[in-house]
Amino acid sequence: MTRTASSSADAVRFDVRAPDGTAIAVWAEGEGPALVLVHGSLQDHTISQALLAELRGDTATFAVDRRGFGASGDGSAYAIGREFEDVAAVVDAVAARVGGPVALWGHSYGASLAMGGAALTENVSHLLLYEPSLGLSYPQGWIEKAERALARHDGDEVITLVLRDMLEFTDEQLDAARSGPEWERRLAVAPTVPREARAESEWVYRPGQFDAVTAPTLLLSGSESPRR
């Protein structure tokens, strides 16, 4: 285990090897019942900093850097099924460390991955999903536009497309975001945007796909989220 840059000076990093060999970084801190956290798009595990601050006193948290984000590696070819496997591998590793099943939290794209990962392991005691995004609709031609921008290595345009068209940022909010400390981190993960958008938009529910999920599940929806 190593102590490196994270959302908290007390967080300790360890890596979990995914089935395809990719190293998935996990940031552990706190004591108490174990909770694995899976972040959504655009930012790494540090996006959960405010939530972690609330949980720090009585929960052992294990915040994941998804593949392609933060301290984690990335595979040569992307498939959402690999991220399902990543989540299951982390859950199993954490369960082995703490000696039993763990709670699993996911936000947005991360909630989709938590749901898929929970179907691949028996070590989830409780499942908490905040706005899973499978089946999310995108404006016509949006994904192709993001792919073209990425091919030009124009990460600024890729991130702008997300914030303006999908998250409904105003011009003033975009300007503030560009001048903020998180912009460089967002640019670094621009390559993940088109692939996640395709995975969301092309996803089709298969009957029985999540039948293996037996954990009590809480589904949450934000009252001020953009409608898609």
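1. A few points about the pairing of strand β6 (residues 124-130)
Sheet faces and side chains relate simply in a regular strand, where the side chains alternate between the two faces.
Next up, step 1: Where strand β5 (residues 102-107) lies against β6, six bridges are found, and the strand directions are parallel. Looking at β6, one finds that Val-102 is bridged to Val-124.
Next up, step 2: Between β5 and its parallel partner β6, the chain crosses via helix α3 (residues 109-118), and the hand of that crossover is right-handed.
Next up, step 3: Where β6 lies against strand β7 (residues 217-220), four bridges are found, and the strand directions are parallel. Across the sheet, Leu-129 pairs through a bridge with Leu-219, a residue of β7.

2. Concerning helix α8 (residues 192-202)
Next up, step 1: The buried fraction of α8 is high, at eight of 11 residues.
Next up, step 2: Restricting attention to buried positions, one finds in α8 the residues Thr-192, Val-193, Pro-194, Arg-195, Glu-196, Ala-197, Ala-199 and Glu-200.
Next up, step 3: As for α8, its buried residues are in contact with α2 (80-98), α3, α4 (142-151) and α5 (155-166).

3. Re the packing of aromatic side chains
The relative placement of two aromatic rings is captured by the distance of their centres and the angle of their planes.
Next up, step 1: Throughout the structure, instances matching the rule amount to six aromatic pairs.
Next up, step 2: Ring geometry for Tyr-138 and Trp-142: centres 5.0 Å apart, planes at 40 degrees, overall tilted. Across this residue pair, the class does not change: Tyr-138 and Trp-142 are buried.
Next up, step 3: When the ring of Trp-203 is compared with that of Tyr-205, the centres are 6.3 Å apart and the planes differ by 55 degrees; the resulting orientation is tilted.
Next up, step 4: A residue is classified by how much of its surface remains accessible, and Trp-203, at 23% relative accessible area, is partly exposed.
Next up, step 5: Taken together, Trp-203, Tyr-205 and Phe-210 form an aromatic cluster joined through their ring pairs.

Definitions and limits used
- Residues numbered from 1 in each chain as written.
- Predicted model: local features only at pLDDT ≥ 70, side-chain atom pairs only at ≥ 80, totals over all residues.
- Heavy atoms only, no water.
- Pairing = 2+ DSSP bridges.
- Helix = DSSP H or I, 4+ residues; strand = E, 2+ residues; numbered from the N terminus.
- Right-handed = clockwise from strand over helix to strand, strands pointing away.
- Buried < 20%, exposed > 50% of the residue type's maximum accessible area, 1.4 Å probe, protein only.
- Contact = heavy atoms within 4.5 Å.
- Phe/Tyr/Trp six-rings, centres within 6.5 Å; stacked < 30°, edge-to-face > 60°.

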